[in-house]
Amino acid sequence: MKHILFLASFLLALGAHAQNLAVRHLSDTHTMVRVSGNDRYVLLPVQETAPSARVRVLSDGVEVLSANVSLAVEKTDYQVPLDLGAWSGRDILLDIRTNRGRGVQRNPSGDVCWKEMTTAPVFDRTNREKAYRPFYHFTPEYGWMNDPNGLVYQDGEWHLFYQYNPYGSLWGNMHWGHAVSRDLVNWEHLGIAIAPDALGSIFSGSAVVDKENTAGFGRDAIVAMYTSAGDNQTQSIAYSNDGGRTFAKYPGNPVIVAENKPDFRDPKVFWDDQTRQWKVVLAAGQEVQFYSSDNLKDWKYESSFGQGYGSHDGVWECPDLIRLPFEGKDKWVLLLNINPGGPFGGSATQYFVGSFDGKTFQCDDLPTVTRWMDYGKDHYATVTWSNAPQGRSVALAWMSNWQYANSVPTQQFRSSNSVPRDLSLIRKGKEVILKSMPSPEVEALRGRPVRYKLSTAPVKLFENPHCAYELVVRLTLPKKKSAAFALSNELGEQVVFTCDPETQTFSMDRRGSGNVQFSEAFVSVTTAPAQVGGKMELRLLVDSASIEAFGEDFCMTNLVFPSSPYNTLKLYGNLKADVTLYPIAK
Ligand code: FRU
């Protein structure tokens, strides 16, 4: 046994080199680490509950990178890589301040981070989240993710940038991470696209293809606009001439500033055919603002929308303005994310239907009307792809909620996105509502269908635990009585779906769904207005840690953390159902 342990630690040491690090404690709050050798990475030990330390990387005496890292005090939860590849062969010194919240009078020399910090030629990205790593929803390989950013399509590639912390699986150090897909379901990870600079960290934003080189960065350059989050929030641009693989920041940044607006962010750029100009819609406190430009660099304020309209129970964030056909004409839909203030607490996406003349947005509804795009608790920061083929409006949401996003039970990564969804406008009675459906590309994931006819007896969907599948449920409801069905596992953990013809609602109850203890706000029942009665068709997209429900006139996205996958379907009440099960195996 001793020999095996010795061999294991010897093999570990082969890959990771602690001897390349010389640690010197200069004071109770200040440590320097001299890095030698040729390894590309310094692996920083993280303890999520430890207060964050400021790590500055100095190369030849100049600061080239800095990050806040929760350096481990008592134990290491995981390591994060500090990638020094860009400065290989140069002198590297880590200048670390540990005073941030650690108490000024403590000696840091006993903290485990100094003993467990190593250098290594590679960083192991193998999945360690066996239970809750989704099969077909996008997650970063490691680290923290929130909002989708810079969604843009070019030359067969769907680009997904995202709010990213590469130095821990909690929010902070905002970068843009990057991935691309040719089919909207399989993603190639491309690492960091845009890193913080002296103007601030890189908050949410968007990207466009500058087909006519209006900015002078090159024909077909991808131009990204993001919020520089420094002492104030301003808008900056960066461009790429190699299909988003590398970005250069515009030297004239920032390009849009405001006075006395602490919340001034999340620019969404789009091309407006009516005025043949670029437009930006961004969130500014309790309203959105529109700007125009001919060259993506010089912007003119046009108008604001929102005061008194819809929900204002939180901060307005991540707007998007899209044009959708409706009954032979076009309408404009303003997507607007709000946090808190969602219908079930915390984060949610509202929308406004109206018109846009290139300068101002007019809402068709009365100011008192609030419309929600999705009636779950885990649908936020929703924005659409720019330049999508065939004029499609394809949206993506971050599948979490600021109430508990930092405490969901995963560690190697947090969190995931929804499936991509195609948007359209439909009529519901006298109203025009926004409909989201899984993009057709998602159907390519379907395995061989299995059909069930259900009445009272529960059906075992899988003998072996299998967590990724789609159910198409065709319900025949009893007259005037509410009916329910549930997905459960052998531990009795379950998610209950109820269709109520009296209140005309569909609801999802995840109170007994498995691990719900990490946050009181997670324990919830979400309810959507829905046409319920007679026959009803639902699509349920189930993955290891989420359920997305789609009906004719609603959708509902909720996270779940069962101890083992839900493999049984049971009906309650006098319900009958034809169910098609599509296993999803990627
Ligand atoms: C929304 C948001 C944005 C901001 C980003 C920061 O979730 O708060 O408004 O740009 O996250 O990560």
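Structure shown above.
All residue numbers here refer to positions counted from 1 along the written sequence of the relevant chain. pLDDT decides what is reported in this predicted model: residues at 70 or higher carry local features, side-chain atom pairs at 80 or more are listed and counted, and totals for whole chains, interfaces and linings draw on all residues regardless. Values shown for side chains rest on all heavy atoms present in the structure; no hydrogens or waters enter the calculation.

Focus: the layout of surface pockets
A pocket, in this scheme, is an open set of points on a 1 Å grid over the protein atoms alone with protein on both sides within 12 Å along at least 5 of 7 lines, while a cavity is a set where a 1.4 Å probe fits but cannot get out; residues line either one if an atom lies within 4 Å of a point. Grid points are joined across faces, edges and corners, and a volume is the space filled by probe spheres set on the points. In this structure, the largest pocket spans a volume of roughly 1,000 Å³. Along the walls of the largest pocket sit 40 residues, with Leu65, Tyr167, His175, Ala195 and Pro196 positioned nearest its centre. Note on conventions: DSSP H or I runs of at least 4 residues are helices, E runs of at least 2 residues are strands, and numbering of each starts at the N terminus. Within the residue set of the lining of the largest pocket, elements represented by two or more residues are β5 (62-69), β6 (78-83), β10 (157-165), β12 (188-194) and β13 (201-210). Looking at the lining of the largest pocket, its residues break down into 23 nonpolar, ten polar and seven charged. Here the second largest pocket defines a volume of roughly 780 Å³. Taken together, the elements giving at least two residues each to the lining of the second largest pocket come down to β13, β17 (264-272), β21 (315-326) and β22 (329-339). In terms of residue count, the dominant contributor to the lining of the second largest pocket is β21 (six residues). Following the grouping adopted for this structure description, the nonpolar residues are Ala, Val, Leu, Ile, Met, Phe, Trp, Tyr, Cys and Pro, the charged ones are Asp, Glu, Lys and Arg, and the polar ones are all others, Gly among them. Partitioned by chemical class, the residues of the lining of the second largest pocket number 14 nonpolar, six polar and eleven charged.

Let's talk about the nonpolar core
Ranked by size, the top nonpolar core spans 55 residues in total, and within it Phe361, Leu461 and Leu487 carry the most contacts. By the convention used here, residues are in contact when the closest approach between their heavy atoms is within 4.5 Å. Once residues lying within four places of it in the same chain are set aside, the contact partners of leucine 461 are Tyr452, Tyr469, Leu471, Leu487, Asn567, Thr568, Leu569 and Leu581. Core analysis: the second largest hydrophobic core is formed by 27 residues, Val42, Ala53, Val57 and Leu84 among them. Buried Ala, Val, Leu, Ile, Met, Phe, Trp, Tyr and Cys residues form a nonpolar core when they are joined through side-chain atoms within 4.5 Å. The buried label applies to any residue whose accessible area, calculated with a 1.4 Å probe on protein chains only, is under 20% of its type's maximum; exposed applies above 50%, and partly exposed to all values in between.

Considering the packing of aromatic side chains
Classification of ring pairs uses Phe, Tyr and Trp, with its six-membered ring standing for Trp, and accepts pairs whose centres are within 6.5 Å; under 30 degrees between planes counts as stacked, over 60 as edge-to-face, and the remaining range as tilted. This structure, assessed with the given rule, holds 37 aromatic pairs. Their ring planes at 85° and their centres at 5.6 Å tell us that phenylalanine 518 and phenylalanine 561 sit as a pair that is edge-to-face. Here phenylalanine 518, found in the loop between β35 (505-509) and β36 (525-529), pairs with phenylalanine 561, found in the loop between β39 (555-559) and β40 (568-572); they are 43 residues apart in sequence, far enough to count as distant. The criterion is that NZ of a Lys, or CZ of an Arg, lies within 6 Å of the ring centre and within 35 degrees of the ring normal, and then a charge sits over that ring. The ring of phenylalanine 522 has arginine 510 lying over it, and the distance from NZ or CZ to the ring centre is 3.6 Å.

Some thoughts on the site of the ligand
The local shell around the ligand consists of Asn146, Asp147, Gln163, Trp171, Met174, Phe203, Ser204, Arg265, Asp266, Glu317, Tyr380 and Trp402. For this analysis, a polar contact is any N or O atom pair within 3.5 Å, provided that within protein one partner can donate a hydrogen and the other can accept it, and provided that sequence-adjacent residues contribute only side-chain to side-chain pairs. Between the ligand and serine 204 there is a distance of 3.1 Å, counted from an oxygen atom to a backbone nitrogen or oxygen. Here arginine 265 contributes a side-chain N or O atom positioned 2.7 Å from an oxygen atom of the ligand. Secondary structure elements with two or more residues in the shell around the ligand: β9 (143-154), β13 and β17. Among the residues forming the shell around the ligand, the class breakdown is five nonpolar, three polar and four charged. When we say a residue is near a molecule or strand, we mean one of its heavy atoms is within 4 Å of it.

A word on the pairing of β5
Strands qualify as paired when DSSP identifies two bridges or more between them. Bridge count between strand β4 (residues 53-59) and β5: seven bridges; the pairing is antiparallel. Its bridge partner being in β5, arginine 54 is matched across the sheet by asparagine 68. What sits between β4 and β5 in their antiparallel hairpin is a turn of two residues, with aspartate 60 showing a positive phi close to 50°.

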